[in-house]
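Summary of the model geometry
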Amino acid sequence: MVILAAALTVIVAVAVQAQPDDASARGLAAAPGRSPSGTSSARKLARMAATSAAENVTYIRIAAETWQPYFLIGQGANGETVYSGIMWDLLQMLATKMNLRFEIYRPPDGMWGVELPNGSWNGMLGMIQRQEVDMALGPFAVSYQRTKVADFPASIFVLPHRLYLPRPRGSPDLSDFVRLFHPLVWLMVLLSVCVVSLAVWAASRMEAQSQHTLAVPLPAFKVLLQVWASLMQESCEWRGVGVGRALMGMWFLVTLVLMNTYSGLLVASLSFPKVAIPIASVEELVAQDKLPWRLEQGGIILHTFETADVKMYKTLLQGSKGFFPDCFAAREDIARGRFAGLCDVLAGDMMVAKTFSSTGRCDFYSPRQNIVTHTYTLVLQKNSPLKENVNFWLQELQERGWVDQLVNQRVNNGTICKLSPGQEVGQVPPSPLAIMQMWGVFAILAVGLGVGSFVFLLEKMANLLH
């Protein structure tokens, strides 16, 4: 018994000396490309096992790679590895609840994992398949092929993929004042001026020929000027009687409606400019050839498009002009109109929010049309003893709203950018109308002055000739 007690004392002492510091509890970064199954790793696992017996701590190896906004790997001021992101915060919560200690390993190829022709997998799923790690953080989209090599605990996110495009913007020009009415409406207005002028002129002549009135027939040109003046909301005196007065009264009512409608539309267009949306759906995207589109490299959406028997998926895949690493990394290319990107909504909203926070601009537009939806979570080894406990705490954190809070902490701005293009202007404090918005008024005035000057010169020339 004495010998047994002495042996236990030695084991406990060794375990205490091997206890990792706080940095180990927060996770250590293995060198990129380093396999966690080497001799040094085996020795480290032996020390972990000895410590776990004394502290009731579970040590696990975790594969993770950068994917904004889920998991980020950076460097601190002293050169140490720093982790952040939604999945990092969630991992720390799980580690606290489950009393876990872990190490972070990056996949040598930087991939999430796809199945190779020989049945093996690359990326983090390959590390799971070869049992080099116990968990891969991801998050990973759940698919049937992936369930063959890994176990998926309770879902964390349900995210649709949508199209993200450069935000269309309005450019004020002279045609803005004309576009307030459809061309057919303008044609009907001009036609109405001619018809009313002709009818009033005919009524004036008929009234002048009547023996019961003292009316004087009006020249056709004067009638046209009177009708036009009323359309322009000018005050004019009408001395006609009978049919002519009735026609002009009707015309006054029509012009009142027309001009009030035009002025209301003009105020609305200056306050909330209408912006033409060139691409409002996936169908319109594939039907045009001016803006190319790209897909995320190695993502689940690429696998879905390759395997699903859906015509639109095949069209998007075949017409794609290449790939990009992730939406956040490609945000400048998307904003400048180099290509449109297909992103999950969380990554897309993160891209919009971060850009708005740094620039104050809404540079992206997304038609609210879901292309494909996937369930995302982390992955475990097949028949992992961690699955039951991970399931419990993931569901518990979901029910308490902690996952939503983690998302809102990072996507907490840019809500204004979800409005339709042009409407976001009305949500900012009002500012004086600039010359770029009002120069069309002065252009019309200049044209009117030019026409008036030309008519004046013609009158002078006519007087000189007579």
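A quick note: this is a predicted structure, and the numbers were derived from the prediction, not measured. (Residues numbered from 1 in each chain as written. Predicted model: local features only at pLDDT ≥ 70, side-chain atom pairs only at ≥ 80, totals over all residues. Heavy atoms only, no water.)

What about the state of the cysteines?
Note the threshold: Pairs of cysteine sulfur atoms within 2.5 Å are what we label disulfides. Numbering of helices and strands starts at the N terminus; helices are DSSP runs of H or I of at least 4 residues and strands are runs of E of at least 2.
With the rule as written, the count across this model stands at one disulfide. Paired through a disulfide, Cys-327 and Cys-343 show a sulfur-sulfur distance of 1.6 Å. Between Cys-327 and Cys-343 the sulfur-sulfur dihedral comes to about -105 degrees; the bridge is accordingly left-handed. Taken together, the residues span a long stretch of sequence, with Cys-327 in the loop between β8 (323-324) and α13 (331-335) and Cys-343 in strand β9 (residues 340-344) at a distance of 16 residues.

Examining the packing of helix α4 (residues 86-98) against helix α16 (residues 402-410)
Worth spelling out the cut-off: Structural elements are reduced to axes, namely lines fitted to C-alpha atoms, with helices fitted over the stretch in contact, and the angle between N-to-C directions of any two is expressed from 0 to 180 degrees. A clockwise turn of the near helix away from the far one marks a right-handed crossing, whereas an anticlockwise turn of less than a right angle marks a left-handed crossing. Should any heavy atoms of two residues lie within 4.5 Å, those residues are counted as being in contact. Only Asp, Glu, Lys and Arg are considered charged in this grouping, and only Ala, Val, Leu, Ile, Met, Phe, Trp, Tyr, Cys and Pro are considered nonpolar; every other residue, Gly among them, is considered polar.
Running from N to C, α4 and α16 point in directions that differ by 145 degrees, and their axes come no closer than 10 Å. With respect to the hand of their crossing, α4 and α16 are arranged in right-handed fashion. Taking contact as the criterion, the partners of Ile-86, Asp-89, Leu-90 and Met-93 in α4 are, on α16, Trp-402, Val-403, Leu-406, Val-407, Gln-409 and Arg-410. A per-class count over the contact of α4 with α16 returns seven nonpolar, one polar and two charged.

Considerations on the confidence of the model for the protein chain
The criterion, for reference: pLDDT is a per-residue confidence score from the predictor, ranging from 0 to 100.
Confidence in the prediction for the protein chain averages 75 pLDDT; 72% of positions are at 70 or higher. Within the model, the stretch residues 426-430 combines pLDDT values under 50 with four contacts to residues more than four positions away or in other chains.

Digging into the pattern of salt bridges
As a reminder of what qualifies: A carboxyl oxygen of Asp or Glu within 4 Å of a side-chain nitrogen of Lys or Arg is what we treat as a salt bridge. Here's how the labels work: a residue is buried when its accessible area is under 20% of the maximum for its type, exposed when over 50%, partly exposed in between, all with a 1.4 Å probe on protein chains only.
Within this structure, the stated rule accounts for eight salt bridges. With a closest N to O distance of 3.3 Å, Arg-61 and Asp-134 form a salt bridge. Of this pair, Arg-61 sits in strand β1 (residues 58-63) while Asp-134 sits in the loop between α5 (123-129) and β5 (135-141), placing them 73 residues apart in sequence. Pair check on accessibility: Arg-61 and Asp-134 agree, each one buried. As a salt-bridge pair, Glu-396 and Arg-400 come within 2.8 Å of each other at their nearest N and O atoms. According to the relative accessible area criterion, Arg-400 is partly exposed, its value standing at 47%.

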